[in-house]
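# Structural overview
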Amino acid sequence: MAEQNVQIPDRDSGQEKKIIKISVRNLVEFVMRGGDIDNRRTSGAEKDAMQAGSRIHRKIQRRMGADYRAEVTMKHVVEEDRYQILIEGRADGIIENPSEVVIDEIKGMYLDLSLLKEPVPVHLAQALCYGYFYCCDHDREQIGIQITYCNMESEEIRRFREDRTFEELKTWFEGLIHEYVKWAEYQYRHELRRDESLRDLEFPYEYRAGQKELAVSVYKAIRMGKNLFIQAPTGIGKTLSAVYPSLKAMGEGYGEKLFYLTAKTITRSVAEECFGLLRQRQLYFSTVTITAKEKLCPMEQTECNPDACPYAKGHYDRVNDAVYDIIHQEMGITRETVLAYAEKHQVCPFEFCLDISNWVDGVICDYNYVFDPRAKLKRYFADGVSGEYLFLIDEAHNLVNRAREMYSAVLVKEDFLAVKRILKGKAAKVERLLERCNRNLLEMKRECESYQVLEDVNLLAANLLELFGELETFLEEEKSFPDRDAVLDFYFQVRHFLSMHEGLDDHYRIYTELGGDGSFRVKLFCIDPSKCLKECLEKGRGSVFFSATLLPVMYYKKLLSGNEEDYAVYAHSPFDPENRLLMIGSDVSSRYIRRNRSEYAKIVEYIQAMAQSHRGNYLVFFPSYQYMEAVERLLDESQDGSFVWRMQESHMTEAEREEFLADFEAEREKSFVGLCVLGGIFSEGIDLKAERLEGAIIVGTGLPMVCTEQEILKDYFDSQGENGYDYAYQYPGMNKVMQAAGRVIRTAEDKGVILLLDDRFLRREVQGMFPREWSEYGEVTRRNVGGWLEHFWSQKTQDNKMEMP
């Protein structure tokens, strides 16, 4: 129930009343829900189709006569003593002629229409709301209510029609709104207290250098409803500098709900701590952290149906009471809090968590809950739904690749054959359609030597659409059979492919690829996700993208918002440059043609020099696991006992990751060196302050491996008049380098060393991507690096002695 608060005059008293604003769809879905969660139903059980539904809507609307008005915005106000409830929505169509008026609610679906015996209750309820609004506005005593269902594949239409009197509609609507009033009362009281606390809220610390200017920029951007890109060095306090001015703006009416979006769990924890800190300063502001279903599910297996899960059975009968309980008792609602209340009320923690988000002021969540078409919160971001939302996008450099994944779609030929084997003898028509699609893919495969860029896949898409409809009907009818989960996963892959195909434009490339194992796939590759992201961002008021590595900013503007005129701020580092030593090794290279034992031995020498120069903890980042393992073997052979090391393993569990990081806490008489992969789990998002980390070696410029997609990216941006090599290789590579280097200096007291090992770092075009803080560096070799290190650490030791009382 995405809600909005605005001020409008009270017609009677002349005073302004606060308005609680809710959409028709969210109102009826919230009040009328009940029963079980059951994921054995396909998306057809919701009866709403995907993006293609808007196309069907328009097609049906065009076929209607001159007395048909399409997409009619309607509103209705319910007066309460101290506030008003504004219910608004958009009727798909209204038929107006001298003899009658009919409200028409259109729903596209893939399900066989013959299975529908009556309208879906929430669809009928939406139409009844619009019928009541129309009667109130036009003083009518009776109105027709029509629900129009259209099959997305066959375009077959089925209508359900009934007439209702005004008195019937009034009685029904008063019963509906009565169930909502206690929630509106809570919202009214909560937001009065929240806004008062926001107006009085003060910044909790003395501003660091550059921090106040950063906060002012965020406030101004939100007030003006603009996007803002912030490049700010690690340790400046980016989170607080973005959150605090956003809250102040909300307190003045510039925003109704804050979304703090992250790419990793650890940055969600940072956001929780930030809000917790401000609550200690009397902030009254509720937040919920949305956690992935797999991490919230209390069952051994995530089977969301009433037969397998007691929390799913009757969930919707209990969940509103659970939500009402938690929002009256808690302010910072974390994963642990959600689990405790879910157990108390015996509800599904994940669905419970999503419903809590309706009633809190801030939502801390992964990017996909706002942007991913498969996971986004439709209560806020569905077609026709928007609000005064504020988006704070942390570690925004991650959003480029994440968004490409969200808006791309892939199908693998072998999956069609696997599903056909599972369904053998169970669904003859589905089997035939699977074989037809398989033949389409086989023809493409014969024309593909390694990979091939295609103009279109329209024939395949047409056959997939027919397959999808039949598969949906089959899954609705057959709730249990061996390997049903595999078939359901395939169903969702086809659904996503069709959805993305509907929105194909010049930002995409379509390609087929033959894998080394003989597998064959076709992919709709979203190269520039800015248009898709922009559609989501426009659902809100303003967005702040921030990161320590948002360079070059024009690259991120182009790919994230699509607007090169968006505001941008470069925050200067508040840290003493004397506390950091930056060096570039000129006698080593990580180029593929130079990857040999001799080159690996040079890396070992540099590691030894760093570890022996000063007892401490260090990280070394390598371009690949293979490279790292080759260097580790030489370290073993060297039998150097002056320091100890540990290597990152592939596919580490969460416990293994924590164990690896715990090594940086241990007291030792020798240096400790962690060997990691550049761009991996330890190259960003970890916070090792002070002596926990005192240096990092970065081997190579981080360039992605040459592969099909990187070459398609390069060719695409070349065709757009940009430097394709920069977009596909240089910019992503340098981002990984800067992220890894950012692990070293985290606070004003930190001191540390950054050593870049690759002679390409000396090139002008590479240094053109360096952050401003890297303007001074030392060019070193294996011969003199020890001297540089010794001088730096001896100077720091002397400084520490001078600071002692």
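Just above sits the structure.
Presented here is a report on the structure given in the accompanying data block. Position numbers for residues start from 1 in each chain and track the written sequence from start to end. Selection of residues for local features in this predicted model requires a pLDDT of at least 70, selection of side-chain atom pairs for listing and counting requires 80 or more, and totals for whole chains, interfaces and linings are taken over all residues. Side-chain measures here rest on the full set of heavy atoms in the structure, leaving out hydrogens and waters.

Core analysis: the largest hydrophobic core is formed by 190 residues, its most contacted members being Tyr180, Phe352, Phe371 and Tyr407. Should any heavy atoms of two residues lie within 4.5 Å, those residues are considered in contact. Residues in contact with Phe352, not counting those within four places in the same chain, are His315, Val319, Ala322, Val323, Ile326, Val338, Tyr341, Ala342 and Val347. Note on terminology: a nonpolar core comprises buried Ala, Val, Leu, Ile, Met, Phe, Trp, Tyr and Cys residues joined through side-chain atoms within 4.5 Å. For every residue, the accessible area obtained with a 1.4 Å probe (protein chains only) is divided by the maximum for its type, and the residue is called buried under 20%, exposed over 50%, and partly exposed between those limits.

We now examine the pairing of strand β23 (residues 671–677). A helix here means a DSSP run of H or I that spans at least four residues, while a strand means a run of E at least two residues long, and both kinds are numbered starting from the N terminus. Across the seven residues that make up β23, a large majority, seven, are buried. Strand pairing follows a simple DSSP-based rule, namely that at least 2 bridges must link the two strands. Bridge count for strand β21 (residues 617–622) against β23 is six bridges, and the pairing is parallel. In the sheet register, Leu619 faces β23, and the bridge partner there is Gly674. Here strand β22 (residues 643–647) pairs with β23 via five bridges, running parallel. Bridge assignment links Arg646 to a residue of β23, and that residue is Gly674. This β-α-β element, β22 to helix α23 (residues 654–662) to β23, shows right-handed connectivity. Look down the strands so they point away from you; if the path from the first strand over the helix to the second goes clockwise, the crossover is right-handed.

This part covers empty space enclosed by the protein. Grid spacing is 1 Å over the protein atoms alone, the probe is 1.4 Å, and a cavity is where that probe fits but cannot get out, while a pocket is an open set with protein on both sides within 12 Å along at least five of seven lines and lining residues have an atom within 4 Å of a point. Grid points are joined across faces, edges and corners, and a volume is the space filled by probe spheres set on the points. Per the stated rule, a full pass over the model turns up three cavities of 30 Å³ or more. When its volume is computed, the largest cavity comes out at roughly 100 Å³. Every residue lining the largest cavity is counted, 14 residues in all, and those nearest its centre are Cys297, Cys304, Cys309, Cys348 and Pro349. Elements represented by at least two residues in the lining of the largest cavity include exactly α8 (293–296) and α11 (349–356). Of the residues in the lining of the largest cavity, the class split is 11 nonpolar, one polar and two charged. Note on residue classes: Ala, Val, Leu, Ile, Met, Phe, Trp, Tyr, Cys and Pro are nonpolar, Asp, Glu, Lys and Arg are charged, and everything else, Gly too, is polar.

Another point: the sheet that holds strand β18 (residues 542–547). The parallel open sheet is built from eight strands, whose spatial order is β11-β10-β12-β9-β13-β18-β8-β19. In this open sheet, the two strands that pair with only one neighbour each are β11 (332–333) and β19 (567–570). Two strands pair when backbone bridges link them, and strand β9 (residues 257–262) and strand β13 (residues 389–394) are joined in this way by five bridges, in the parallel orientation. Paired with Leu258 across the strands is Leu390, a residue of β13.

A few words now on unusual backbone geometry. Excluding glycine, residues mostly have negative phi values, and the peptide bonds linking residues are mostly trans. Note that the residue after Leu551, namely Pro552, is joined by a cis bond; omega there is -10°. Structurally, Pro552 can be placed in the loop between β18 and α20 (553–561). In this structure, Gln639 is a non-glycine residue whose phi angle is positive, near 50°. Position of Gln639 among the secondary structure elements: in the loop between α22 (625–638) and β22.

Another point: helix α18 (residues 484–502). Here a helix's expected span is defined as the number of its residues, less one, multiplied by 1.5 Å. For α18, built from 19 residues, the straight-helix expectation of 27 Å at 1.5 Å per residue is met to within 8% by its first-to-last C-alpha distance of 27 Å. Three or more residues of α18 are buried, namely Arg484, Val487, Leu488, Phe490, Tyr491, Val494, His496, Phe497, Leu498, Ser499, Met500 and His501.

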